[in-house]
Amino acid sequence: MQSARAVVLLSGGMDSATAAAIARADGFDVCALSVRYGQRHAVEIEAARRVAASLAITRHLVVDADLRGIGGSALTADIPVPKDRAAIGADIPITYVPARNTIFLAYALGWAEVLGADDIFIGANAVDYSGYPDCRPEYLAAFEHLATLATRTGVAGARLAIRAPLLALTKAQIVRRGTDLDVDFGITVSCYDPAPDGAACGRCDACQLRRKGFTEAGIADPTRYRR
């Protein structure tokens, strides 16, 4: 019997890699989607390719949606990436990319319709995260409702599911879950401001949360840091 297909948003970071591994472990035929959106940490696209290969994902689509013209974020404009923030998650930081997850999920939804996939996986997390509004459970529930209303698949009576298996997990729990599923975190990239050779800064929100996860999980951090 052929496995059901699922589209997995694969950024190349530790969360999306774990979400992809979970989708595969759940028996889905995983189709990975990565978005090159003009992000300063574009090395994550190559990381996504490495993750897809390591998880034996044979269908990996990379699409372009250049958000630099919109700007408004330290990831897409000439704005410094905040470093060494003590109160991560207390506010919406300048690394928030306006409407990014909505744009990504829209691409995933379109591809899911073409593929005949009823499930979309996203590595969103609402516990150890930077405070982005488009990582909240109520947002994902609203998008799922939109997906049912706005597609031929939904009108025909099928339910499109937005799955966020990491939503309520801590970074430490994500590290443990990924480790259990043989995710190679050493090939992933989380840093918002990596060096040209891909070495992580160790000081942005993403690096701090990543380090915290490995420390609390009691698992060696394979990340290559500049400092």
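Refer to the structure above for everything that follows.
Bear in mind that the values here come from a model prediction, so they are computed numbers and not experimental data. Think of each chain on its own: its residues are numbered from 1, step by step along the sequence as written. pLDDT decides what is reported in this predicted model: residues at 70 or higher carry local features, side-chain atom pairs at 80 or more are listed and counted, and totals for whole chains, interfaces and linings draw on all residues regardless. Only hydrogens and water are set aside; all other atoms, that is, all heavy atoms of the structure, feed into the side-chain values.

A few words on the side chain of N101. Relative to the elements of secondary structure, N101 occurs in helix 3 (residues 100–115). Between N or O atoms, a polar contact is any pair within 3.5 Å; within protein, one atom must be a potential hydrogen donor and the other a potential acceptor, and residues adjacent in sequence are included only when both atoms are from side chains. Separated by 2.8 Å, the side chain of N101 and the backbone oxygen of D134 make a polar contact. Filtering out sequence-adjacent residues up to four positions away, N101 remains in contact with I122, D134, C135 and Y139. Helix and strand labels come from DSSP, where a helix needs a run of H or I of at least four residues and a strand needs a run of E of at least two; each type is numbered from the N terminus. In what follows, residue pairs with any heavy atoms lying within 4.5 Å of each other are defined as contacts.

Here we take up the packing of aromatic side chains. In this analysis, rings of Phe, Tyr and Trp, with Trp reduced to its six-membered ring, are considered paired at centre separations within 6.5 Å, and the interplanar angle assigns stacked below 30 degrees, edge-to-face beyond 60, and tilted for intermediate values. Scanning the model with the defined rule gives five aromatic pairs in all. On the numbers, 5.6 Å between centres and 85° between planes, the contact of F185 with F214 is edge-to-face. Placement of F185 in the loop between helix 6 (171–180) and helix 7 (205–217) and of F214 in helix 7 is noted, with a sequence separation of 29 residues between them. Each member of the pair F185 and F214 is classed as buried. Whether a charge sits over a ring depends on NZ of Lys or CZ of Arg being within 6 Å of the ring centre and within 35 degrees of the ring normal. The ring of Y225 has R211 lying over it, and the distance from NZ or CZ to the ring centre is 4.1 Å. Burial classes: relative accessible area under 20% of the type maximum marks a residue as buried, over 50% as exposed, and values in between as partly exposed (1.4 Å probe, protein chains only).

Below, the discussion takes up the pattern of salt bridges. Where charged atoms of side chains with opposite charge meet at close range, the side chains can pair. For this analysis, a salt bridge means a side-chain nitrogen from Lys or Arg found within 4 Å of a carboxyl oxygen belonging to Asp or Glu. Under the counting rule described, the total for this entry stands at 16 salt bridges. Notably, a salt bridge pairs E46 with R49, separated by 3.2 Å at the nearest N-O pair. Here the residue E46 and the residue R49 both occupy positions in helix 2 (residues 43–54), the gap between them amounting to three residues, near one helical turn. Judged by its relative accessible area of 36%, R49 is partly exposed. Where salt bridges share partners, they join R40, K83 and D193 into one cluster.

Note on sheets: strands pair through backbone hydrogen bonds, and any given pair is parallel or antiparallel. Two strands qualify as a pair provided DSSP detects at least 2 bridges between them. Pairing in this open sheet of five strands is parallel, and the strands run 3-2-1-4-5 from one edge to the other. This sheet does not close on itself; its edge strands, each paired only once, are strand 3 (59–64) and strand 5 (161–163). Strand after strand, the sheet turns through a mean of 25° between neighbouring axes, direction not considered. Where strand 2 (residues 29–36) meets strand 3, six bridges bridge the pair, whose relative direction is parallel. Residue pairing in the sheet places R36 in a bridge with D64 of strand 3. Note on definitions: angles span 0 to 180 degrees between N-to-C directions of axes, and those axes are lines fitted to C-alpha atoms, for helices only across the stretch in contact.

Further remarks concern helix 6. When helix 6 is considered as a whole, its buried residues turn out to be K171, A172, I174, V175 and G178. Taken down its axis, helix 6 places every buried residue within 160° of arc, on the same side. Buried residues along helix 6 sit in contact with helix 1 (14–25) and helix 7. Positive phi shows up at D182, right after helix 6, with a value of about 65°. Along the arc lie the directions from the helix axis toward the C-beta atoms.

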